[in-house]
Protein chains: 2
Amino acid sequence: MSDQRPIGVFDSGVGGLTVLREIVRRTPSESTIYLGDNARAPYGVRSDEEVLAFSSQSLDALADRDVKAIVVACNTSTAVGIGALRRRYDLPILGVIRPGASAAALASRNRRVGVIATPATIRSHAYFSAIKDENPAVEVYEHATPALVPLVEAGHLAGPIAEAAVAESLAPLLGERDAEGEFIFPKPPGASIDTLLLGCTHYPLLRAVIAAQVGEGMAIVDSATATASALAELLNVNGLESPAGGGPAAHLQLTTGDAGRFHELASRLFGADFPEVEAVDLGVAAG
Amino acid sequence: MSDQRPIGVFDSGVGGLTVLREIVRRTPSESTIYLGDNARAPYGVRSDEEVLAFSSQSLDALADRDVKAIVVACNTSTAVGIGALRRRYDLPILGVIRPGASAAALASRNRRVGVIATPATIRSHAYFSAIKDENPAVEVYEHATPALVPLVEAGHLAGPIAEAAVAESLAPLLGERDAEGEFIFPKPPGASIDTLLLGCTHYPLLRAVIAAQVGEGMAIVDSATATASALAELLNVNGLESPAGGGPAAHLQLTTGDAGRFHELASRLFGADFPEVEAVDLGVAAG
């Protein structure tokens, strides 16, 4: 069995491109259609009802293009709506939370994992649940960091602005550091975590800044690699892989926002050879 | 590392004893404390709020007895409250839904799985979600069978009453059969499932009757064996196994209901050598 149709990849904006990049690397013979709902990003500060409605409209557009599977490469959408989305479509739908949670539970040696994500993702406790499902003995410290998606969408991936925002965002989880770089006591509960899970697909773009802030000895885990592996397994187990000799893979990028602006941002984040982007109209008013 | 403390096992009634039996078989050196909330069973027809409140009171009683881990051997309680229960206690807490779902997803060859469970469990879509997490390409048909727990609690495990109740309960999922035993068309969507997941710990006690009804070629999966394996892995991975040479395992049975009635029912279901049962008072009015 094989299946030449493309894989749909959905995110609220450009962050899911970190997942797409790993998918293309891991399964290079698969064609993809990426849809970013940039017109209504970020999702992380919206209500659950809005997140679910916008996600459904976006997945409708991918399903209409005859994809064979969909990766919801948006943590907020996965956290709030993966169950409802799976009941809505006959397609196999993969989220980013379970693969990332499994990787984090396995990475931790002291069984203390910190999770940073958007407010909607944290509110859902989806990472908490998924890590506990992997190993109920792992302690999980969840912390919402709403400033980081706007930071990335504005293109601040390094430099003083990014460093200050990351330090301020992580302080409640890790504690403040003194001039020598030691944590100031009393430490918050999360200060002794040995693994930090980046629970938003935008955050890997800040990995260098985050790594500098948390210091050596902290494992930093994101969902992109783990999700690409889970997708490869899904295709293999269910006979959905592209046929050998089926021609080169094709990649289409869609955005509900401005195509030029998406391309400019994607090029800044992912390199100058980023391919063309098409605007798509979901047939609904922007929220 | 090792840990001699007992494992707590909780169910709304006697059904969780099917899980306890597998735990004792799989990890015979572990001591256990079983708590059945028989005074307020069955949970499956109660509101989510009641299920969560009663489960918390029951787990409080186990936590007070210094258990090292808790198995929520009740599908309804797991479906409704595993996340909230895990946030309430510092103990590793294992549910029965994920292990059973994984086993069912792996057992199905045609990737069509039927799930029967109590109304509260079905309403939560917890099995749907857990099977999709295991393999998003599996189609899941959920069906509530509220008549089966009262049937088991009344001791009807075989004979005409059990057969009629099981046939009536399964018909909406599988379809009616004609005199030759063939399904009558049009079949309901679940009629082509090749795997039936028993999503309630009482149902394995009806396995023979269910097997006769669904016919050969249908894999029947329950959570008991898979949960006992998951518990063994949890203890091993986290260094919580009982020490070698730590003395014989001890097993304590508690019920919020009448100890004599629990013992009589358990003996009928599990054999005449069923050990003594103690009544326990959770310090709350029965619901």
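Definitions and limits used
- Residues numbered from 1 in each chain as written.
- Chains lettered and ligands numbered in written order.
- Predicted model: local features only at pLDDT ≥ 70, side-chain atom pairs only at ≥ 80, totals over all residues.
- Heavy atoms only, no water.
- Helix = DSSP H or I, 4+ residues; strand = E, 2+ residues; numbered from the N terminus.
- Rg over C-alpha atoms; globule rule 2.2 N^0.38 Å.
- Buried < 20%, exposed > 50% of the residue type's maximum accessible area, 1.4 Å probe, protein only.
- Contact = heavy atoms within 4.5 Å.
- Pairing = 2+ DSSP bridges.
- Axes fitted to C-alpha atoms, helices over the stretch in contact; angles between N-to-C directions.
- Buried area = accessible area lost by both parts, 1.4 Å probe.
- Salt bridge = Lys/Arg side-chain N within 4 Å of Asp/Glu carboxyl O.
- Polar contact = N/O pair within 3.5 Å; in protein donor to acceptor, adjacent residues only side chain to side chain.
- Nonpolar A, V, L, I, M, F, W, Y, C, P; charged D, E, K, R; others polar.
- Domains from an automatic or database assignment.
- Parallel < 35°, antiparallel > 145°, perpendicular 65-115°, else oblique.
- Left-handed = near helix turned anticlockwise from the far one by under 90°.
- Least-squares fit on C-alpha atoms with pLDDT ≥ 70 in both.
- Expected span 1.5 Å × (residues − 1).

Enquirer: So what's going on with the overall build of chain A? Residues and values would help.
Expert: Counting its secondary structure elements, chain A contains eleven helices and ten strands. For chain A, whose C-alpha radius of gyration is 19 Å, the value lies close to the compact-globule estimate of 19 Å for 287 residues. Its C-alpha atoms give chain A principal-axis dimensions of about 60 × 40 × 35 Å. Expressed as a percentage of its 287 residues, the buried residues of chain A come to 57%. If you take every contact in chain A between residues at least 6 apart in sequence, the share linking residues at least 24 apart comes to 74%.

Enquirer: Tell me what's going on with the sheet that holds strand E6 (residues 139-144) of chain B, and back it up with residues and numbers.
Expert: Residues and elements named next belong to chain B. Strands sit in the order E6-E5-E7-E8 across an open sheet of four strands; the sheet is parallel. Each edge of the sheet is formed by a strand with only one pairing partner; in this case those strands are E6 and strand E8 (219-222). Adjacent strand axes in the sheet meet at a mean angle of 25° when their direction is disregarded. Against the sheet, helix H8 (residues 160-174) touches strand E5 (112-117), E6 and strand E7 (195-198), its axis set at about 145° to E6.

Enquirer: Would you mind going over the interface of chain A and chain B in detail, with residue names and values included?
Expert: On the side of chain B, 20 residues touch chain A, which itself brings 20 residues to the contact. Carbon and sulfur atoms supply 55% of the area buried between chain A and chain B, which totals about 1800 Å² over both sides. When residues of chain A are sorted by the area they lose upon contact with chain B, A:Arg86, A:Arg87 and A:Pro136 head the list and together hold 29% of the total. Summed over the shared surface of chain A and chain B, the result is four salt bridges. Between A:Asp133 and B:Arg98 there is a salt bridge whose closest N-O contact spans 3.0 Å. Taken together, the links from chain A to chain B amount to eight residue pairs in polar contact (both at pLDDT 80 or more). Secondary structure elements with two or more residues in the side of chain A that touches chain B: helix H3 (75-88), strand E4 (93-95), helix H6 (126-134) and helix H10 (223-237) of chain A. With four residues, the single largest contributor to the side of chain A that touches chain B is H6(A). Looking at the side of chain A that touches chain B, its residues break down into nine nonpolar, five polar and six charged.

Enquirer: Could you give an account of the domain arrangement of chain A, naming the residues involved and the relevant values?
Expert: All names here are of chain A. Under the domain assignment used here, chain A contains domain 1 (7-95 + 225-279) and domain 2 (98-223). The C-alpha centroid of domain 2 is placed 24 Å from the C-alpha centroid of domain 1. Listed per partner, the contact involves 27 residues of domain 1 and 25 residues of domain 2. Carbon and sulfur atoms make up 58% of the area that domain 1 and domain 2 hide from each other, which totals about 1800 Å².

Enquirer: Which residues make up the packing of helix H4 (residues 97-107) of chain A against H10(A), and what are the values?
Expert: Residue and element names in this part refer to chain A. Interhelical geometry of H4 versus H10 gives an angle of 115° and a closest axis separation of 8 Å. In this view, H4 runs roughly perpendicular relative to H10, as classed from their interaxial angle. Pair H4 / H10 crosses with right-handed handedness. Contacts between H4 and H10 involve Pro99, Gly100 and Ala103 from the former and Ser223, Ala226, Thr227 and Ala230 from the latter. When grouped by side-chain class, the residues that make up the contact of H4 with H10 number four nonpolar, three polar and no charged.

Enquirer: Describe unusual backbone geometry, and please don't skip the residues or the numbers.
Expert: Cis geometry is adopted by the peptide bond preceding A:Pro42, which originates at A:Ala41 and carries an omega value of -5°. Looking at the secondary structure, you find A:Pro42 in the loop between strand E2 (32-36) and helix H2 (48-64). Of note, A:Asp66 is a non-glycine position whose phi angle comes to about 60°, a positive value. Examined against the element boundaries, A:Asp66 turns out to sit in the loop between H2 and strand E3 (69-72). A positive phi angle, near 55°, is found at B:Arg111, a position not held by glycine.

Enquirer: Which residues make up the pattern of salt bridges, and what values do they have?
Expert: Under the defined criterion, the tally for this structure stands at 28 salt bridges over all chains. A salt bridge links A:Glu264 to A:Arg268; the nearest nitrogen and oxygen atoms lie 3.8 Å apart. Highlighted residues: A:Glu264 and A:Arg268, both in helix H11 (residues 259-270), separated by four residues, approximately one helical turn. Note that B:Arg25 is salt-bridged to B:Glu22, the shortest N-O span being 3.2 Å. Remark: B:Glu22 and B:Arg25 occur in helix H1 (residues 17-26); sequence separation between them is three residues, near one turn of the helix. The network of salt bridges with common partners includes A:Arg86, A:Arg98, A:Asp133, B:Arg86, B:Arg98 and B:Asp133.

Enquirer: If you had to explain the side chain of A:Glu30 to someone new, which residues and values would you point to?
Expert: Residue and element names in this part refer to chain A. By the element assignment, Glu30 lies in the loop between helix H1 (17-26) and E2. Side-chain polar atoms of Glu30 contact the side chain of Lys68, separated by 2.6 Å. At 2.9 Å, the side chain of Glu30 forms a polar contact with the backbone nitrogen of Ser242. When neighbours within four sequence positions are excluded, Glu30 is seen to be in contact with Arg5, Ile7, Lys68, Leu235, Leu240, Glu241, Ser242, Ala249 and His251.

Enquirer: Residues and numbers for the relation of the copies chain A and chain B, please.
Expert: Expressed as a screw operation, the relation of chain A to chain B combines 0.0 Å of axial shift with a rotation of 180°, fitting to an RMSD of 0.0 Å. Both copies of the chain, as the preceding transformation shows, are related through a two-fold rotation axis. Both copies contact each other with a shared surface, as 100% of the interface residues of chain A are interface residues in chain B too.

Enquirer: Run through the environment of B:His202, naming residues and quoting values.
Expert: All names here are of chain B. Following the sequence through the fold, His202 ends up in the loop between E7 and helix H9 (207-214). Residue His202 is classed as buried on the basis of its relative accessible area of 2%. The spatial distance from the C-alpha of His202 to the C-alpha of Asp90 is 28 Å, given a sequence separation of 112 residues. If we skip the residues at most four places from it in the chain, His202 touches Asp11, Val14, Gly15, Val149, Val152 and Glu153.

Enquirer: Describe helix H11 (residues 259-270) of chain B, listing the residues and the values that go with them.
Expert: All names here are of chain B. With twelve residues, H11 should reach 16 Å at 1.5 Å per residue; the first-to-last C-alpha distance of 16 Å fits that figure. Against the buried residues of H11 lie H1, strand E2 (32-36), helix H7 (148-153), strand E9 (251-255) and strand E10 (277-279). Between the side-chain oxygen of the N-cap and the backbone nitrogen of Gly260 there are 3.2 Å, and the N-cap of H11 in question is Asp258. Of the residues flanking the end of H11, it is Gly271, one or two places downstream, whose phi is positive at about 115°.

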